[in-house]
Amino acid sequence: MRFKTIFYAFLLIGFAAILIPGTAFCELQSLNDNELSGVYAEGFADFSITHNAATGYDETLAWFNIHTYEYTEVESLKLGYHDEYDYKDPTPGFGWDEDWENVVIGSDYEDPSKDFYAEGFYFKAEFENINNPATRELKGITFGADYARGEISADFINFSGTIDDSNNNTPEYNGHALNLGTATITADPSNLGPGVAGGFEISLSIDDYDKGYWVTFDNATVTP
């Protein structure tokens, strides 16, 4: 299964979740022991619901034991055109959260060993009042992978997110609509192999001061 297919599938799921009214979400029900005994391939996926005390929201998480190799060229990638993000600016202007041109995911079309590799994909949605169908409200969605290795090259006209070069929670890049110029983001530059450290994710916040799209690399470097 190619990364591109999974990526677009989860984006479609996310946008569908945004467009469906709160009353259309089905009530969550627990399975009894007999029902659980009929579940197969539990090693492939894991589903959970937890409460985030910091945000006050309930998080639904779907995790998939999938790994992918990808080489893709995208002429233009744009996400989140609005004027509601920059809480430091009382009169922000319209612009893109993510505006990437001439995007190349992977580094060599003819060499599969240089594909962009990712594993441990997950999809997360945050809800307010998740147990009340009448007032349940979607607050954010996130698509990501536990581990990523490889290169993403582009003209990063706008980059909103964080890039940490050592997975130590002190990102070297952290901001909205950063102009990285023509650059290459190399995930896991140490190239220690799958599962060592450093994932990535794309999140969409629907409310509060951080409304918009945000891209996170836990262990990556940026080079011109």
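> Would you explain the overall build of the protein in this entry?
A count of helices and strands for the protein gives 2 helices and 11 strands. Along the protein, from the amino end to the carboxyl end, the secondary structure elements read α-α-β-β-β-β-β-β-β-β-β-β-β. When contacts within the protein are restricted to residue pairs at least 6 apart in sequence, those whose partners lie at least 24 apart make up 69%.

> I tried to follow unusual backbone geometry on my own but got confused; where do I start?
Note on backbone geometry: most residues besides glycine have negative phi, and most peptide bonds are trans. The phi dihedral of Asn129 falls on the positive side, at around 60°, and the residue is not glycine. Within the secondary structure layout, Asn129 lies in the loop between strand E5 (116-128) and strand E6 (137-163).

> Sorry if this is basic, but what is going on with the pattern of salt bridges here?
Here the idea is simple: oppositely charged side chains can pair when their charged atoms come close. Under the criterion given, the structure shown has 4 salt bridges. Residue Asp99 pairs with Lys78 through a salt bridge whose shortest N-O separation is 2.6 Å. Of this pair, Asp99 sits in strand E4 (residues 95-105) while Lys78 sits in strand E3 (residues 72-82), and the two are 21 residues apart along the sequence. For Lys78, a relative accessible area of 34% translates into the label partly exposed. Here Glu101 makes a salt bridge to Lys78, at a shortest N to O gap of 2.8 Å. You can see Glu101 sitting in strand E4 and its partner Lys78 sitting in strand E3, a full 23 residues away along the chain. If you follow the salt bridges from partner to partner, you end up with Lys78, Asp99 and Glu101 in one network.

> Is there a simple way to think about the nonpolar core in this case?
Nonpolar side chains in soluble globular proteins tend to end up buried together. Of all hydrophobic cores here, the largest spans 38 residues; its most connected members are Phe156, Phe159 and Phe217. Element by element, the count of residues in this core is highest for E6, at 10 residues. Those residues in contact with Phe159 that sit more than four places away from it in its chain are Asp97, Glu98, Trp100, Gly175, His176, Ala177, Leu178, Leu180, Ile185, Val215 and Phe217.

> Honestly, the pairing of strand E2 (residues 57-70) in this entry has me stumped. Any pointers?
Successive side chains on a regular strand alternate, one facing one side of the sheet and the next facing the other. As paired strands, strand E1 (residues 45-52) and E2 are joined by 8 bridges and run antiparallel to one another. What sits directly across from Phe47, in E2, is Ala62. Here E1 hands over to E2 after 4 residues, with Gly56 in that stretch at a positive phi of 80°.

> Looking at this structure, how should I read the packing of aromatic side chains?
Aromatic rings in a pair are described by how distant their centres are and how their planes are angled relative to each other. What the rule picks out here adds up to 12 aromatic pairs. Seen from their ring centres, Trp100 and Phe156 are 5.0 Å apart, and the 75° between their planes marks the pair as edge-to-face. Placement of the pair is Trp100 in strand E4 and Phe156 in strand E6, with a sequence separation of 56 residues. We classify Trp100 as buried; its relative accessible area is 7%. Their ring planes at 15° and their centres at 6.0 Å tell us that Trp100 and Phe159 sit as a pair that is stacked.

Conventions adopted
Residues numbered from 1 in each chain as written. Predicted model: local features only at pLDDT ≥ 70, side-chain atom pairs only at ≥ 80, totals over all residues. Heavy atoms only, no water. Helix = DSSP H or I, 4+ residues; strand = E, 2+ residues; numbered from the N terminus. Contact = heavy atoms within 4.5 Å. Salt bridge = Lys/Arg side-chain N within 4 Å of Asp/Glu carboxyl O. Buried < 20%, exposed > 50% of the residue type's maximum accessible area, 1.4 Å probe, protein only. Core = buried A, V, L, I, M, F, W, Y, C linked by side-chain atoms within 4.5 Å. Pairing = 2+ DSSP bridges. Phe/Tyr/Trp six-rings, centres within 6.5 Å; stacked < 30°, edge-to-face > 60°.

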